[in-house]
Amino acid sequence: MELERLSDSDAEEMSGNSNPGKDLSPEKITLTYGYEGTESTTAECEEFLPQNSGKKQIQFTDFEGKTSMGMSVFNLSNAIMGSGILGLSYAMSNTGIVLFTVLLIFIAILSAYSIHLLLKSAGVVGIRAYEQLGHKAFGQPGKIAAATIISLHNIGAMSSYLYIIKYELPLVIQAFLHIHQNTDDWYMNGNYLIIVVSVCIILPLALMKQLGYLGYTSGFSLTCMVFFLCSLIYKKFEIPCPLNGTSVDPQSPVSGHNQTTEDLCVGKLFTINPETAYTIPILAFAFVCHPEVLPIYTELRCPTKKRMQSVANISVLAMFVMYLLTATFGYLTFYQAVEPELLHTFSRVDPLNTLILCVRLAVLVAVTLTVPVVLFPIRRAIQQLLFPAKMFSWLRHVIIALCLLVCVNLLVIFVPNIRDIFGIIGATSAPSLIFILPGLFYIRIVPTDREPWKSRPKIQAMCFAVVGFIFMITSLSFIIVDWVTNSGRSSAGGH
């Protein structure tokens, strides 16, 4: 029997540490029995999707990651992809193609760098829980702050998904049943439908013991969104411009000036208008996946910082490509007539079109299967706060999931418009999760004997956190101005 370290490279983490044993934790040690060479182990660690061939070595540890790299990519990509993808075409219409692309590249790079800071901090202390990193950096207040921010953000994300189900699913059912008028049947009531979906689909998936088990549903969810993208590209060459011979939204700042067909059907490279200010928050929130990073890292097979960073880079790149294509083809299909919610714009073309109905159904399936992935970090945060030293309990596992789903369902049912709540939560939680907390964790956790305060990595982390504070203040300022003037038409938040 021998001790084998599973955390980041030993040489990197041992250097500059006069007492390497003090950071040794159960998550960083694996007791291996019957070790017979490295060939089979290396092959298993390198596989992208799970395979059943070969004999697996026996490991004794408090938690053994079993999720393959491919399934981890599916889960993280599904966590990144949110309902905000439906508003990216509208964001492009308010910035122009070139400016939108530059901003999207910028946000994607910052998101990947933020995950790098998070993984580096976790590797130094051998902790793979966001809340425990907060405790290590700032004590109990840091732990409470991290858990609260994660819970608020993910509850907002879950609510946004259920809102899509509430308002889109009745329309899909109405179209498939060829119902031409509103009825009082329960299956046409969105409030009843979200309860049915929560009980029959979301709850069973949320009761899975490990997040890695959702890799298959995450893969199917991503497949649905790929179908949505392919249908969007197809419709670009089928829908004429201008849409139905009409002009743009009369509330648009560019409407009402005798626009010609050429004005309406030409993509703008650069555009600046009052709605442009909301684009950066929308794009930033579209890449929020940080609460799910460490749980996925924990369940990754052969977990190292390099492998998890590869998972993050692949996921961010895949979502960058999907976001860019969705925004571009959605914008070039409807141009200035695109609405804040892309599916609504499609409904103006032909609400009974079979392909459009399938697209709406695919989006509904995708957001439904994303809810359990978002629920896992909230449950983990609650357990870290209330039951930090308790062993796993199925009863507690189930009760927390039930309570969360009940609370989110009640929020969606009884609050008719929570746009402003989403805006406040998004403007505070998203910059905290992407910029502020990873930067501060890195500064506080990485020892000064390894990286002094004036070293380039720590200066970069400090600047990163400062950008987060500026971003938060700016977003809140725009929301407050929007409230005062009552001129805003879109929310700056939400997944």
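As a reminder, the structure under discussion sits directly above these lines.
Rules used throughout
- Residues numbered from 1 in each chain as written.
- Predicted model: local features only at pLDDT ≥ 70, side-chain atom pairs only at ≥ 80, totals over all residues.
- Heavy atoms only, no water.
- Phe/Tyr/Trp six-rings, centres within 6.5 Å; stacked < 30°, edge-to-face > 60°.
- Lys NZ or Arg CZ within 6 Å of the ring centre and 35° of its normal.
- Helix = DSSP H or I, 4+ residues; strand = E, 2+ residues; numbered from the N terminus.
- Buried < 20%, exposed > 50% of the residue type's maximum accessible area, 1.4 Å probe, protein only.
- Arc of directions from axis to C-beta.
- Contact = heavy atoms within 4.5 Å.
- Core = buried A, V, L, I, M, F, W, Y, C linked by side-chain atoms within 4.5 Å.
- Expected span 1.5 Å × (residues − 1).
- Patch = residues over 30% accessible without salt bridge, like charges linked within 9 Å, V, L, I, M, F, W, Y side chains within 5 Å.
- Areas by Shrake-Rupley, 256 points an atom, 1.4 Å probe, with all protein chains shown as cover.
- Salt bridge = Lys/Arg side-chain N within 4 Å of Asp/Glu carboxyl O.

### Considerations on the packing of aromatic side chains
Right, on to step 1. Inspection of every chain in the model, using the stated rule, returns nine aromatic pairs.
Right, on to step 2. What links up through ring pairs into an aromatic cluster is the set Tyr-113, Phe-435, Phe-464 and Phe-471.
Right, on to step 3. Across from the ring centre of Phe-392, 4.8 Å away, lies the NZ or CZ of Lys-209, which sits over that ring.

### A look at unusual backbone geometry
Among all residues save glycine, negative phi is the norm, and among peptide bonds the norm is trans.
Right, on to step 1. Phi is positive for Cys-302, close to 50°, though the residue is something other than glycine.
Right, on to step 2. You can see Cys-302 is positioned in the loop between helix H11 (290-299) and helix H12 (305-334).
Right, on to step 3. One non-glycine residue, Tyr-335, adopts positive backbone phi at about 50°.
Right, on to step 4. Mapped onto the fold, Tyr-335 is located in the loop between H12 and helix H13 (342-349).

### Regarding H13
Right, on to step 1. The complete set of buried residues in H13 reads Leu-342, Leu-343, Thr-345 and Phe-346. Down the axis of H13, the buried side of the element spans an arc of 155°, and every buried residue falls inside it.
Right, on to step 2. Buried residues belonging to H13 abut helix H4 (88-93), helix H6 (130-176), helix H8 (215-236), H12 and helix H14 (354-386).

### Describing the nonpolar core
Right, on to step 1. Counting 127 residues, the largest nonpolar core has Leu-76, Phe-100, Tyr-130, Leu-133, Phe-287, Met-308 and Tyr-323 as the members making the most contacts within it.
Right, on to step 2. Counting residues per element, this core draws most heavily on H6, which supplies 16 residues.
Right, on to step 3. Once you skip the residues sitting within four places of it in the chain, Phe-287 turns out to touch Ile-80, Leu-104, Ile-107, Ala-108, Ser-111, Val-316, Met-319, Phe-320 and Tyr-323.

### Thoughts on the environment of Thr-345
Right, on to step 1. Along the chain, Thr-345 falls in helix H13.
Right, on to step 2. Using a relative accessible area of 0% as the deciding quantity, one classes Thr-345 as buried.
Right, on to step 3. Considered as a pair, Thr-345 and Thr-333 are 12 residues apart in the sequence and their alpha carbons are 10.0 Å apart.

### Some words on H12
Right, on to step 1. Look at H12: 43 Å from first C-alpha to last across 30 residues, which is about the 44 Å you get at 1.5 Å a residue.
Right, on to step 2. Positive phi appears at Tyr-335, one or two residues downstream of H12, with a value of about 50°.

### Here's the deal with a nonpolar patch on the surface
Right, on to step 1. Taken together, the side chains of Trp-186, Tyr-192, Ile-195, Val-196 and Val-199 define a hydrophobic patch exposed on the protein surface, amounting to about 490 Å² of accessible area.
Right, on to step 2. Tracing the chain through its elements places Val-196 in helix H7 (residues 190-206).
Right, on to step 3. Classification of Val-196 as partly exposed rests on a relative accessible area of 35%.

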